[in-house]
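So you can see what is in the structure, the chains are spelled out below.
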Amino acid sequence: MQSTTQNYELEEIDLLLTDANIATMDSNINAPYGAIENAAIAIKNGKIAWIGEQSTLPSFDVFATPTLSVKGQWLTPGLIDCHTHLVFAGSRSQEFEQRLQGVSYEQIAAQGGGIASTVKATRAADREQLFVDAKDRLNTLLKEGVTTVEIKSGYGLDTENEIKILEVARLLGEHHPIDIKTTFLGAHALPPEYKGRADEYIDLVCTDMLDQVVANNLADAVDVFCENVGFSYSQTKRVFQAAKKHNLPVKCHAEQLSNQQGSQLVAQFNGLSADHIEHLNEEGVKAMADAGTVAVLLPGAFYFLRETKFPPIELLNQYKVPIAIASDFNPGTSPLCSVHLMMNMACTLFRLTPEQALAGVTRNAAKALGLDDRGILKVGARADIAHWQISHPSQLSYQFGVNKLLNLWILGRIN
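Every value quoted in this text rests on a predicted model; they were computed, and no experiment measured them.

Reading guide: rules and limits
- Position labels on residues start from 1 in each chain and follow its written sequence.
- This being a predicted model, a pLDDT of at least 70 is required before a residue's local features are given, and a value of 80 or more before pairs of side-chain atoms are given or counted; all residues contribute to the totals for chains, interfaces and linings.
- With hydrogens and water stripped out, all remaining heavy atoms of the structure feed into the side-chain values.
- Note that the domain bounds were set by an automatic or database domain assignment.
- By definition in these notes, contact holds between two residues if any of their heavy atoms fall within 4.5 Å.
- Here the quantity called buried area is the total loss of accessible area, with a 1.4 Å probe, experienced by two parts when brought into contact, counted for both.
- By salt bridge we mean one thing: a side-chain nitrogen of Lys or Arg within 4 Å of a carboxyl oxygen of Asp or Glu.
- Between N or O atoms, a polar contact is any pair within 3.5 Å; within protein, one atom must be a potential hydrogen donor and the other a potential acceptor, and residues adjacent in sequence are included only when both atoms are from side chains.
- Counting from the N terminus, the helices are the DSSP runs of H or I reaching at least four residues and the strands are the DSSP runs of E reaching at least two.
- Two strands are counted as paired when DSSP detects at least two bridges linking them.
- With axes taken as lines fitted to C-alpha atoms, and helix axes fitted only over the stretch in contact, angles between N-to-C directions fall between 0 and 180 degrees.
- UniProt positions are given in the numbering used here, feature names are shortened, and annotations may be inferred rather than shown by experiment.
- Three exposure classes are used, based on accessible area relative to the maximum for each residue type with a 1.4 Å probe and protein chains only: buried under 20%, partly exposed in between, and exposed over 50%.
- Throughout, right-handed denotes a crossover for which the path from the first strand over the helix to the second runs clockwise when the strands point away from the viewer.

A.B. asks: Can you walk me through the domain arrangement of the protein chain in this structure?
C.D. replies: A common measure of how large an interface is: the accessible area buried when the components associate. Once the domains are mapped, the protein chain shows domain 1 (15-77 + 376-414) and domain 2 (79-369). The straight-line distance from the C-alpha centre of domain 1 to that of domain 2 is 31 Å. Taken together, the 22 residues of domain 1 in the interface contact 24 residues of domain 2. Taking both sides of the interface into account, the surface hidden between domain 1 and domain 2 amounts to around 1800 Å²; carbon and sulfur atoms contribute 66%. Counting across the domain 1 and domain 2 interface gives one salt bridge. Its salt-bridge partner being Asp179, residue Arg382 comes within 4.0 Å of it at the nearest N-O pair. The tally of links from domain 1 across to domain 2 stands at six residue pairs in polar contact (both at pLDDT 80 or more). Broken down by secondary-structure element, the contributors of at least two residues to the side of domain 1 that touches domain 2 are strand S5 (74-77), helix H15 (395-398) and strand S15 (405-410). When residues of the side of domain 1 that touches domain 2 are assigned to their parent elements, the largest contribution, four residues, is made by S15.

A.B. asks: Explain the sheet that holds strand S6 (residues 79-81) here, please?
C.D. replies: What holds strands together in a sheet is hydrogen bonding between their backbones, with the strands either parallel or antiparallel. Strand order in this open sheet of eight strands is S6-S7-S8-S9-S10-S11-S12-S13, and the pairing throughout is parallel. Edge strands, defined here as strands with exactly one partner in the open sheet, are S6 and strand S13 (323-325). Ignoring strand direction, the axes of neighbouring strands in this sheet form an average angle of 25°. Relative to the sheet, helix H7 (residues 233-245) contacts strand S8 (179-187), strand S9 (221-226) and strand S10 (250-254), its axis offset from that of S9 by approximately 175°.

A.B. asks: Can you help me understand the UniProt feature "binding site: 4-imidazolone-5-propanoate" (unreviewed entry) in the protein chain in this one?
C.D. replies: According to UniProt, the positions carrying the feature "binding site: 4-imidazolone-5-propanoate" (unreviewed entry) are Arg92, Tyr155, His188, Gln256 and Thr333. Of note, Tyr155 is situated in the loop between strand S7 (146-152) and helix H5 (159-175). Its relative accessible area of 3% is what places Tyr155 among the buried residues. When neighbours within four sequence positions are excluded, Tyr155 is seen to be in contact with His85, Val87, Phe88, Ile115, Thr118, Val119, Thr122, Glu162, Ile165, His188, Asn330 and Pro331. Tracing the backbone shows Thr333 in the loop between S13 and helix H12 (339-348). Of the residues examined, Thr333 reaches a relative accessible area of 24% and is grouped as partly exposed.

A.B. asks: I keep staring at unusual backbone geometry and nothing clicks. Help me out?
C.D. replies: One non-glycine residue, Asn38, lies in the positive phi region at around 50°. Tracing the backbone through its elements, the reader meets Asn38 in strand S2 (residues 35-44). The phi angle at Gln261 is positive, at roughly 65°, despite the residue not being glycine. Residue Gln261 is classed as partly exposed on the basis of its relative accessible area, which comes to 37%.

A.B. asks: I'm lost on the UniProt feature "binding site: N-formimidoyl-L-glutamate" (unreviewed entry) in the protein chain in this one. Help?
C.D. replies: Mapped onto this structure's residue numbering, the UniProt feature "binding site: N-formimidoyl-L-glutamate" (unreviewed entry) falls at Tyr155, Asn330 and Gly332. Taken together, the annotated residues stretch across 178 residues yet fold into one region, lying no more than 11.3 Å apart by C-alpha. By secondary structure assignment, the location of Gly332 is in the loop between S13 and H12. Classification of Gly332 by relative accessible area gives buried; the value is 7%.

A.B. asks: Before we go on, may I ask you to explain the pairing of S8 in this structure?
C.D. replies: The side chains of a regular strand alternate between both faces of the sheet. A large share of S8 lies buried, amounting to nine of its nine residues. Looking at chain direction, S7 and S8 are connected through five bridges and run parallel. Its bridge partner being in S8, Lys152 is matched across the sheet by Thr183. For S8 and S9, the ladder comprises three bridges, and the chain directions are parallel. The residue bridging Thr183 from the neighbouring strand is Ala221, located in S9. Tracing the backbone out of S8, into helix H6 (residues 198-215) and back to the parallel element S9 gives a crossover that is right-handed.

Here's what the structure looks like:
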């Protein structure tokens, strides 16, 4: 590999990591995982200033440059969880128990359960409670080597509480080492007060809600749950059109329970991602490939709901659609706060390779968020670097429950 530097000498470097094996996840490097063995990385001002085989490392002042030997262990990009509903209040564990006792979801919903119970609890919670609970969840992800997390709204379902959720998410980004990206998901479900008036609710989402979200700079993207139990194709399109007027990129909860052509719609808008996609067909895959839209797999929801319809992995691979993996962490359908578990599930349930799984929580997860400055270890990228006590990167998907993270740098700072 040819190594490069930026316009300063190595003696000016903030940190030099040596004696490393590096899974760069850079597809331009012709090796599995984009691997460089016996390598080094130099960090300056929160970015990667040099990376390459250690034998090609330029000379530097060993006394002026802070240096850490990785001792032959592995470095990867910091992990990215590109789809979460991390800010919410309440628990749905009793509903989980009820379902296992044979109570149907319809019966639970009729009793005020389901998403309505989370909305009720979240509306009642103040910002401090939401912040503290969400921070604990972020800490769990941080311990797994996660450096970027997307947080969606969608448990407020009125202007005041959607704003509250997004404000808490932004506040987390200011007071937590993990970098937070926020997504406005006002069209997540129909609130009880709008029963039978879905079009009127979409009017609210597209006007008052979105206007206030934009005015306060609270969202990096807009999402819709396009499904027969969510919002229709035409309603989803209206939200996407409103987002486009505000120059916000779109994404979609699509084809989870049925094929509503949400993936094709998000591709028409050059959207960032279509997520879930178990019922995605070849026409939708083609549309995503043409638009560069990322397929985000959510194996936690697949597992927790005991689904049997698998996403079309072979078609995605055939058309070279980038595949990301995320936790979908939420209280109802994926109460699983672990990216490592998702990587293992993606391999065991969906038959991804460990290399695809790692790409799914690094390079492709960054693409699903519209980010080109992370997810790959290369010159100029953010110095979000995870240091693992492993003998091969496949261990990160193979083993679950044993944390092999030794060090984690976010923007070049140890955490």
